[in-house]
Number of protein chains: 2
Amino acid sequence: MFSKSCEYGIRATIFIASLCYNDTKVGIKEIAQEIDSPMAFTAKILQVLVKNDIIKSSKGVRGGFMVLKEDLKRITLSQIVVAIDGDSVFLRCGLGLSNCSEDHPCPVHEKFKFVKQDLAFMLENTTLEEVSIGIKKGTTFLKY
Amino acid sequence: MFSKSCEYGIRATIFIASLCYNDTKVGIKEIAQEIDSPMAFTAKILQVLVKNDIIKSSKGVRGGFMVLKEDLKRITLSQIVVAIDGDSVFLRCGLGLSNCSEDHPCPVHEKFKFVKQDLAFMLENTTLEEVSIGIKKGTTFLKY
DNA sequence: TTAATAAAAGACATAAATGTCTTTTATTGA
DNA sequence: TCAATAAAAGACATTTATGTCTTTTATTAA
Ligand code: FES
Ligand code: FES
(Lines give C-alpha, C1' and ligand atoms only; values in the text may rest on other atoms or scores of the structure.)
(Ligands and ions follow the chains in the order given, each with its own letter.)
Protein backbone atom coordinates (compact mmCIF):
# COMPACT_ATOMS: atom_id res chain seq x y z
CA MET A 1 0.00 0.00 0.00
CA PHE A 2 2.53 2.59 1.19
CA SER A 3 6.31 2.63 0.92
CA LYS A 4 8.43 1.77 3.95
CA SER A 5 9.37 5.45 4.12
CA CYS A 6 5.73 6.37 4.38
CA GLU A 7 5.00 3.77 7.02
CA TYR A 8 7.89 4.98 9.16
CA GLY A 9 6.86 8.58 8.52
CA ILE A 10 3.31 8.03 9.71
CA ARG A 11 4.40 6.02 12.73
CA ALA A 12 6.98 8.64 13.70
CA THR A 13 4.53 11.49 13.30
CA ILE A 14 1.93 9.76 15.43
CA PHE A 15 4.49 9.08 18.14
CA ILE A 16 5.72 12.68 18.15
CA ALA A 17 2.15 13.90 18.21
CA SER A 18 1.30 11.69 21.16
CA LEU A 19 3.83 13.66 23.22
CA CYS A 20 2.78 17.13 22.19
CA TYR A 21 0.38 17.64 25.08
CA ASN A 22 3.30 18.37 27.39
CA ASP A 23 5.23 20.33 24.76
CA THR A 24 8.12 17.88 24.92
CA LYS A 25 10.50 17.71 22.03
CA VAL A 26 11.78 14.25 21.26
CA GLY A 27 15.02 13.16 19.59
CA ILE A 28 15.49 10.86 16.64
CA LYS A 29 17.03 8.15 18.80
CA GLU A 30 13.97 7.80 21.00
CA ILE A 31 11.63 8.04 18.02
CA ALA A 32 13.39 5.21 16.19
CA GLN A 33 13.29 3.08 19.34
CA GLU A 34 9.63 3.68 19.96
CA ILE A 35 8.54 2.87 16.42
CA ASP A 36 11.21 0.20 15.83
CA SER A 37 12.65 1.74 12.69
CA PRO A 38 16.18 2.31 11.34
CA MET A 39 17.32 5.54 12.95
CA ALA A 40 19.28 7.23 10.18
CA PHE A 41 16.71 6.34 7.59
CA THR A 42 13.91 7.66 9.76
CA ALA A 43 15.84 10.90 10.24
CA LYS A 44 15.80 11.43 6.47
CA ILE A 45 12.06 10.97 6.36
CA LEU A 46 11.50 13.41 9.21
CA GLN A 47 13.39 16.03 7.20
CA VAL A 48 10.73 15.75 4.51
CA LEU A 49 7.95 16.06 7.06
CA VAL A 50 9.58 19.18 8.51
CA LYS A 51 9.85 20.74 5.04
CA ASN A 52 6.18 19.98 4.52
CA ASP A 53 5.16 21.72 7.73
CA ILE A 54 3.83 18.57 9.30
CA ILE A 55 6.26 18.41 12.21
CA LYS A 56 8.62 21.01 13.69
CA SER A 57 12.27 20.54 14.50
CA SER A 58 14.99 22.42 16.31
CA LYS A 59 18.71 21.80 16.31
CA GLY A 60 21.22 21.85 19.10
CA VAL A 61 21.04 21.26 22.81
CA ARG A 62 17.46 20.52 23.92
CA GLY A 63 16.49 20.28 20.28
CA GLY A 64 14.34 17.60 18.71
CA PHE A 65 11.06 17.07 16.91
CA MET A 66 7.56 18.07 17.91
CA VAL A 67 4.04 18.57 16.64
CA LEU A 68 2.24 21.79 17.48
CA LYS A 69 -0.89 21.26 19.57
CA GLU A 70 -2.82 23.49 17.18
CA ASP A 71 -1.76 21.22 14.29
CA LEU A 72 -3.30 18.07 15.75
CA LYS A 73 -6.66 18.79 14.14
CA ARG A 74 -5.18 20.31 10.99
CA ILE A 75 -2.81 17.52 9.96
CA THR A 76 -4.39 14.49 8.31
CA LEU A 77 -2.93 11.15 7.28
CA SER A 78 -3.43 12.26 3.71
CA GLN A 79 -0.96 15.12 4.12
CA ILE A 80 1.70 12.78 5.47
CA VAL A 81 1.18 10.24 2.70
CA VAL A 82 1.24 12.88 -0.03
CA ALA A 83 4.38 14.47 1.41
CA ILE A 84 6.28 11.18 1.29
CA ASP A 85 4.73 8.98 -1.40
CA GLY A 86 2.87 11.53 -3.48
CA ASP A 87 -0.74 11.14 -4.53
CA SER A 88 -0.25 8.06 -6.70
CA VAL A 89 -2.05 5.77 -4.25
CA PHE A 90 -5.33 7.61 -4.86
CA LEU A 91 -4.85 8.75 -8.43
CA ARG A 92 -2.81 6.16 -10.25
CA CYS A 93 -4.39 3.56 -12.50
CA GLY A 94 -4.67 0.27 -10.64
CA LEU A 95 -3.23 -1.56 -13.64
CA GLY A 96 -0.44 0.94 -14.27
CA LEU A 97 -1.77 2.74 -17.34
CA SER A 98 -0.07 6.08 -17.75
CA ASN A 99 -3.11 8.04 -16.70
CA CYS A 100 -6.33 7.02 -15.07
CA SER A 101 -9.36 8.69 -16.62
CA GLU A 102 -13.00 8.13 -17.46
CA ASP A 103 -12.17 8.75 -21.12
CA HIS A 104 -9.63 5.97 -21.40
CA PRO A 105 -10.48 3.52 -18.63
CA CYS A 106 -8.69 0.28 -17.97
CA PRO A 107 -10.84 -2.82 -17.39
CA VAL A 108 -10.86 -2.33 -13.62
CA HIS A 109 -11.28 1.43 -13.61
CA GLU A 110 -14.90 1.43 -12.44
CA LYS A 111 -14.15 -1.04 -9.69
CA PHE A 112 -10.97 0.63 -8.45
CA LYS A 113 -12.54 4.05 -8.51
CA PHE A 114 -14.53 3.36 -5.37
CA VAL A 115 -11.73 1.67 -3.48
CA LYS A 116 -9.39 4.56 -4.21
CA GLN A 117 -12.07 7.09 -3.31
CA ASP A 118 -12.71 5.34 -0.02
CA LEU A 119 -9.02 5.26 0.79
CA ALA A 120 -8.61 8.94 -0.09
CA PHE A 121 -11.65 9.91 1.95
CA MET A 122 -10.44 7.95 4.94
CA LEU A 123 -6.94 9.45 4.83
CA GLU A 124 -8.23 12.98 4.28
CA ASN A 125 -10.63 12.72 7.19
CA THR A 126 -8.38 11.07 9.73
CA THR A 127 -6.58 13.63 11.85
CA LEU A 128 -3.37 13.28 13.72
CA GLU A 129 -5.29 13.96 16.92
CA GLU A 130 -7.55 11.00 16.34
CA VAL A 131 -4.75 8.50 15.73
CA SER A 132 -2.43 9.73 18.47
CA ILE A 133 -4.99 9.41 21.27
CA GLY A 134 -4.72 5.62 21.31
CA ILE A 135 -0.94 5.80 21.68
CA LYS A 136 -1.23 8.19 24.59
CA LYS A 137 -3.80 5.93 26.21
CA GLY A 138 -1.87 2.76 25.39
CA THR A 139 -4.68 1.08 23.47
CA THR A 140 -2.90 1.12 20.09
CA PHE A 141 0.70 0.33 19.16
CA LEU A 142 3.47 1.60 16.90
CA LYS A 143 5.71 -1.46 16.84
CA TYR A 144 5.68 -5.30 16.62
CA MET B 1 -1.06 -0.70 -4.76
CA PHE B 2 0.28 -3.63 -6.78
CA SER B 3 3.77 -4.39 -8.03
CA LYS B 4 4.64 -3.83 -11.68
CA SER B 5 4.74 -7.61 -12.06
CA CYS B 6 1.19 -7.83 -10.83
CA GLU B 7 -0.02 -5.02 -13.08
CA TYR B 8 1.51 -6.69 -16.12
CA GLY B 9 0.16 -10.04 -14.98
CA ILE B 10 -3.39 -8.79 -14.70
CA ARG B 11 -3.24 -6.91 -18.00
CA ALA B 12 -1.78 -9.91 -19.80
CA THR B 13 -4.35 -12.28 -18.36
CA ILE B 14 -7.21 -9.99 -19.35
CA PHE B 15 -5.86 -9.71 -22.87
CA ILE B 16 -5.41 -13.46 -23.24
CA ALA B 17 -8.89 -14.00 -21.82
CA SER B 18 -10.41 -11.55 -24.29
CA LEU B 19 -9.31 -13.87 -27.10
CA CYS B 20 -10.49 -17.14 -25.61
CA TYR B 21 -13.89 -17.05 -27.30
CA ASN B 22 -12.31 -18.22 -30.55
CA ASP B 23 -9.90 -20.62 -28.81
CA THR B 24 -6.91 -18.75 -30.20
CA LYS B 25 -3.60 -19.14 -28.48
CA VAL B 26 -1.49 -16.02 -28.41
CA GLY B 27 2.29 -15.63 -28.19
CA ILE B 28 4.31 -13.58 -25.76
CA LYS B 29 5.35 -11.11 -28.46
CA GLU B 30 1.81 -10.11 -29.29
CA ILE B 31 0.82 -10.02 -25.63
CA ALA B 32 3.65 -7.67 -24.76
CA GLN B 33 2.72 -5.43 -27.68
CA GLU B 34 -0.94 -5.29 -26.78
CA ILE B 35 -0.38 -4.44 -23.15
CA ASP B 36 2.77 -2.34 -23.75
CA SER B 37 5.00 -4.26 -21.38
CA PRO B 38 8.60 -5.54 -21.50
CA MET B 39 8.38 -8.86 -23.31
CA ALA B 40 10.94 -11.00 -21.46
CA PHE B 41 9.80 -9.73 -18.10
CA THR B 42 6.18 -10.42 -18.94
CA ALA B 43 7.13 -13.93 -20.01
CA LYS B 44 8.47 -14.61 -16.52
CA ILE B 45 5.23 -13.45 -14.96
CA LEU B 46 3.15 -15.62 -17.26
CA GLN B 47 5.16 -18.64 -16.06
CA VAL B 48 3.87 -17.95 -12.57
CA LEU B 49 0.31 -17.65 -13.79
CA VAL B 50 0.62 -20.96 -15.64
CA LYS B 51 1.94 -22.66 -12.50
CA ASN B 52 -1.03 -21.25 -10.61
CA ASP B 53 -3.53 -22.65 -13.10
CA ILE B 54 -4.75 -19.25 -14.14
CA ILE B 55 -3.68 -19.43 -17.75
CA LYS B 56 -2.63 -22.36 -19.94
CA SER B 57 0.43 -22.57 -22.15
CA SER B 58 1.81 -24.85 -24.81
CA LYS B 59 5.27 -24.95 -26.29
CA GLY B 60 6.44 -25.32 -29.85
CA VAL B 61 4.92 -24.53 -33.19
CA ARG B 62 1.43 -23.09 -32.85
CA GLY B 63 2.00 -22.87 -29.14
CA GLY B 64 1.18 -19.91 -26.94
CA PHE B 65 -0.96 -18.83 -24.03
CA MET B 66 -4.68 -19.11 -23.51
CA VAL B 67 -7.44 -19.00 -20.96
CA LEU B 68 -10.01 -21.79 -20.90
CA LYS B 69 -13.53 -20.58 -21.58
CA GLU B 70 -14.76 -22.48 -18.56
CA ASP B 71 -12.25 -20.59 -16.40
CA LEU B 72 -13.61 -17.15 -17.27
CA LYS B 73 -16.14 -17.28 -14.44
CA ARG B 74 -13.86 -19.19 -12.06
CA ILE B 75 -10.79 -16.95 -12.15
CA THR B 76 -10.99 -13.74 -10.14
CA LEU B 77 -8.64 -10.78 -9.91
CA SER B 78 -7.89 -11.90 -6.39
CA GLN B 79 -6.37 -15.15 -7.62
CA ILE B 80 -4.07 -13.31 -10.00
CA VAL B 81 -2.97 -10.83 -7.35
CA VAL B 82 -2.34 -13.54 -4.76
CA ALA B 83 -0.36 -15.63 -7.25
CA ILE B 84 2.00 -12.76 -8.02
CA ASP B 85 2.08 -10.41 -5.02
CA GLY B 86 0.75 -12.66 -2.29
CA ASP B 87 -2.00 -11.63 0.08
CA SER B 88 -0.15 -8.79 1.77
CA VAL B 89 -2.30 -6.11 0.14
CA PHE B 90 -5.36 -7.31 2.06
CA LEU B 91 -3.74 -8.67 5.19
CA ARG B 92 -0.69 -6.59 5.96
CA CYS B 93 -0.75 -3.83 8.56
CA GLY B 94 -1.12 -0.48 6.83
CA LEU B 95 1.70 0.94 8.95
CA GLY B 96 3.98 -2.06 8.53
CA LEU B 97 3.65 -3.69 11.95
CA SER B 98 4.72 -7.31 11.78
CA ASN B 99 1.20 -8.62 12.10
CA CYS B 100 -2.14 -6.95 11.82
CA SER B 101 -4.56 -8.08 14.51
CA GLU B 102 -7.40 -6.86 16.68
CA ASP B 103 -5.33 -7.77 19.74
CA HIS B 104 -2.42 -5.54 18.90
CA PRO B 105 -3.81 -2.87 16.60
CA CYS B 106 -1.86 0.02 15.17
CA PRO B 107 -3.46 3.48 15.34
CA VAL B 108 -5.03 3.14 11.90
CA HIS B 109 -6.13 -0.46 12.21
CA GLU B 110 -9.86 0.26 12.56
CA LYS B 111 -9.78 2.64 9.62
CA PHE B 112 -7.74 0.45 7.31
CA LYS B 113 -9.75 -2.61 8.10
CA PHE B 114 -12.66 -1.45 6.00
CA VAL B 115 -10.56 -0.23 3.09
CA LYS B 116 -8.70 -3.53 2.94
CA GLN B 117 -11.94 -5.50 3.27
CA ASP B 118 -13.50 -3.53 0.43
CA LEU B 119 -10.48 -4.11 -1.77
CA ALA B 120 -10.43 -7.82 -0.98
CA PHE B 121 -14.16 -8.12 -1.62
CA MET B 122 -13.89 -6.31 -4.92
CA LEU B 123 -10.97 -8.44 -6.13
CA GLU B 124 -12.58 -11.68 -4.99
CA ASN B 125 -15.84 -10.86 -6.73
CA THR B 126 -14.51 -9.56 -10.00
CA THR B 127 -14.20 -12.33 -12.56
CA LEU B 128 -11.99 -12.52 -15.57
CA GLU B 129 -15.10 -12.70 -17.71
CA GLU B 130 -16.34 -9.40 -16.41
CA VAL B 131 -13.12 -7.49 -17.05
CA SER B 132 -12.34 -9.03 -20.43
CA ILE B 133 -15.67 -8.12 -22.01
CA GLY B 134 -14.72 -4.45 -22.29
CA ILE B 135 -11.51 -5.33 -24.10
CA LYS B 136 -13.37 -7.50 -26.58
CA LYS B 137 -15.90 -4.73 -27.15
CA GLY B 138 -13.24 -2.01 -27.25
CA THR B 139 -14.69 0.08 -24.45
CA THR B 140 -11.78 -0.42 -22.06
CA PHE B 141 -8.03 -0.37 -22.65
CA LEU B 142 -4.88 -2.20 -21.62
CA LYS B 143 -2.28 0.38 -22.56
CA TYR B 144 -1.54 4.16 -22.52
C1' DT C 1 13.33 -37.75 -38.11
C1' DT C 2 14.33 -33.33 -38.57
C1' DA C 3 13.91 -28.31 -38.72
C1' DA C 4 11.31 -24.68 -37.05
C1' DT C 5 8.95 -22.78 -33.41
C1' DA C 6 7.67 -20.99 -28.87
C1' DA C 7 7.54 -21.40 -23.96
C1' DA C 8 10.52 -22.61 -19.69
C1' DA C 9 14.46 -21.99 -17.14
C1' DG C 10 18.31 -19.79 -15.46
C1' DA C 11 22.02 -16.47 -15.46
C1' DC C 12 22.85 -11.84 -15.69
C1' DA C 13 22.08 -6.42 -15.69
C1' DT C 14 19.98 -2.19 -14.26
C1' DA C 15 17.21 0.81 -11.56
C1' DA C 16 14.83 2.01 -7.48
C1' DA C 17 14.02 1.59 -2.67
C1' DT C 18 15.92 1.07 1.62
C1' DG C 19 19.44 1.78 4.87
C1' DT C 20 24.20 3.64 6.83
C1' DC C 21 27.86 6.68 7.72
C1' DT C 22 30.31 11.13 7.93
C1' DT C 23 30.43 16.02 7.78
C1' DT C 24 28.11 20.38 8.37
C1' DT C 25 25.07 23.70 10.52
C1' DA C 26 22.41 25.66 14.14
C1' DT C 27 21.36 26.09 19.06
C1' DT C 28 22.09 26.24 23.85
C1' DG C 29 23.99 26.58 28.29
C1' DA C 30 28.10 26.90 30.87
C1' DT D 1 33.32 32.49 23.67
C1' DC D 2 33.33 27.73 23.71
C1' DA D 3 32.03 22.97 24.18
C1' DA D 4 28.31 19.97 23.81
C1' DT D 5 24.35 18.68 21.48
C1' DA D 6 21.12 17.35 17.87
C1' DA D 7 19.15 17.97 13.36
C1' DA D 8 20.39 18.76 8.25
C1' DA D 9 22.83 17.50 4.38
C1' DG D 10 25.23 14.66 1.43
C1' DA D 11 27.92 10.69 0.11
C1' DC D 12 27.89 5.95 0.16
C1' DA D 13 26.20 0.82 0.68
C1' DT D 14 22.90 -2.81 0.41
C1' DT D 15 18.79 -4.99 -0.93
C1' DT D 16 14.80 -5.62 -3.69
C1' DA D 17 12.24 -4.93 -7.86
C1' DT D 18 12.45 -4.63 -12.52
C1' DG D 19 14.18 -5.92 -16.85
C1' DT D 20 17.34 -8.58 -20.46
C1' DC D 21 19.71 -12.23 -22.59
C1' DT D 22 21.02 -17.03 -23.56
C1' DT D 23 20.25 -21.86 -23.29
C1' DT D 24 17.11 -25.68 -22.76
C1' DT D 25 12.87 -28.28 -23.42
C1' DA D 26 8.67 -29.51 -25.62
C1' DT D 27 5.70 -29.48 -29.72
C1' DT D 28 4.44 -29.52 -34.43
C1' DA D 29 4.47 -29.99 -39.22
C1' DA D 30 6.98 -31.03 -43.15
S1 FES E 1 -7.71 3.68 -15.80
FE2 FES E 1 -7.12 2.03 -14.55
S3 FES E 1 -7.98 2.56 -12.66
FE4 FES E 1 -8.59 4.24 -13.89
S1 FES F 1 -2.47 -3.45 12.90
FE2 FES F 1 -2.12 -1.88 11.45
S3 FES F 1 -3.74 -2.18 10.06
FE4 FES F 1 -4.10 -3.75 11.51
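Relevant structure appears above.
If you're wondering where the values come from, they're calculated on a predicted model, not measured in any experiment.

1. Points about empty space enclosed by the protein
Applying the stated criterion across every chain, the model contains two cavities of 30 Å³ or more. A volume near 40 Å³ is recorded for the largest cavity. As for the largest cavity, its lining consists of Cys93(A), Gly94(A), Cys100(A), Cys106(A), Val108(A), His109(A), Phe112(A), Lys113(A) and Lys116(A). Each residue belonging to the lining of the largest cavity can be placed in one class, and the counts come to five nonpolar, two polar and two charged. By volume, the second largest cavity amounts to about 30 Å³. In this structure, the second largest cavity is lined by Cys93(B), Leu97(B), Asn99(B), Cys100(B), Ser101(B), His104(B), Pro105(B), Cys106(B) and His109(B).

2. Describing the relation of the copies chain B and chain A
Expressed as a screw transformation, the operator carrying chain B onto chain A has a rotation angle of 180° and an axial translation of 0.0 Å, and the superposed copies differ by an RMSD of 0.0 Å. The superposition operator between the copies reduces to a two-fold rotation axis. The C-alpha atom lying nearest the rotation axis in chain B is that of Met1(B); the distance is 2.5 Å. Interface overlap between copies: 98% of the residues of chain B at the interface are likewise at the interface in chain A, consistent with a symmetric, same-surface contact.

3. Topic: the protein's contact with DNA strand D
In the vicinity of DNA strand D lie 26 residues, with Lys44(A), Ser57(A), Gly60(A), Tyr8(B) and Pro38(B) positioned nearest. For DNA strand D, the backbone makes up 63% of the atoms found within 4 Å of the protein, where backbone means sugar plus phosphate. Ile28(A) is positioned such that a nitrogen or oxygen atom in its backbone is 3.2 Å from a phosphate oxygen of DNA strand D. The backbone of Gly60(A) places a nitrogen or oxygen atom 3.1 Å from a sugar or linking oxygen of DNA strand D. For the surface near DNA strand D, the secondary structure elements donating two or more residues are helix H3 (39-51), strand S1 (56-58) and strand S2 (64-66) of chain A together with helix H1 (4-18) and helix H3 (39-51) of chain B. Per element, the largest residue contribution to the surface near DNA strand D is four residues, and it comes from H3(A).

So, how was this worked out
Residues numbered from 1 in each chain as written. Chains lettered and ligands numbered in written order. Predicted model: local features only at pLDDT ≥ 70, side-chain atom pairs only at ≥ 80, totals over all residues. Heavy atoms only, no water. 1 Å grid on protein atoms, 1.4 Å probe; cavity = no way out; pocket = protein on both sides within 12 Å on 5 of 7 lines; lining within 4 Å. Points joined across faces, edges and corners; volume = space filled by probe spheres on them. Nonpolar A, V, L, I, M, F, W, Y, C, P; charged D, E, K, R; others polar. Least-squares fit on C-alpha atoms with pLDDT ≥ 70 in both. Contact = heavy atoms within 4.5 Å. Near = heavy atom within 4 Å. Polar contact = N/O pair within 3.5 Å; in protein donor to acceptor, adjacent residues only side chain to side chain. Helix = DSSP H or I, 4+ residues; strand = E, 2+ residues; numbered from the N terminus.

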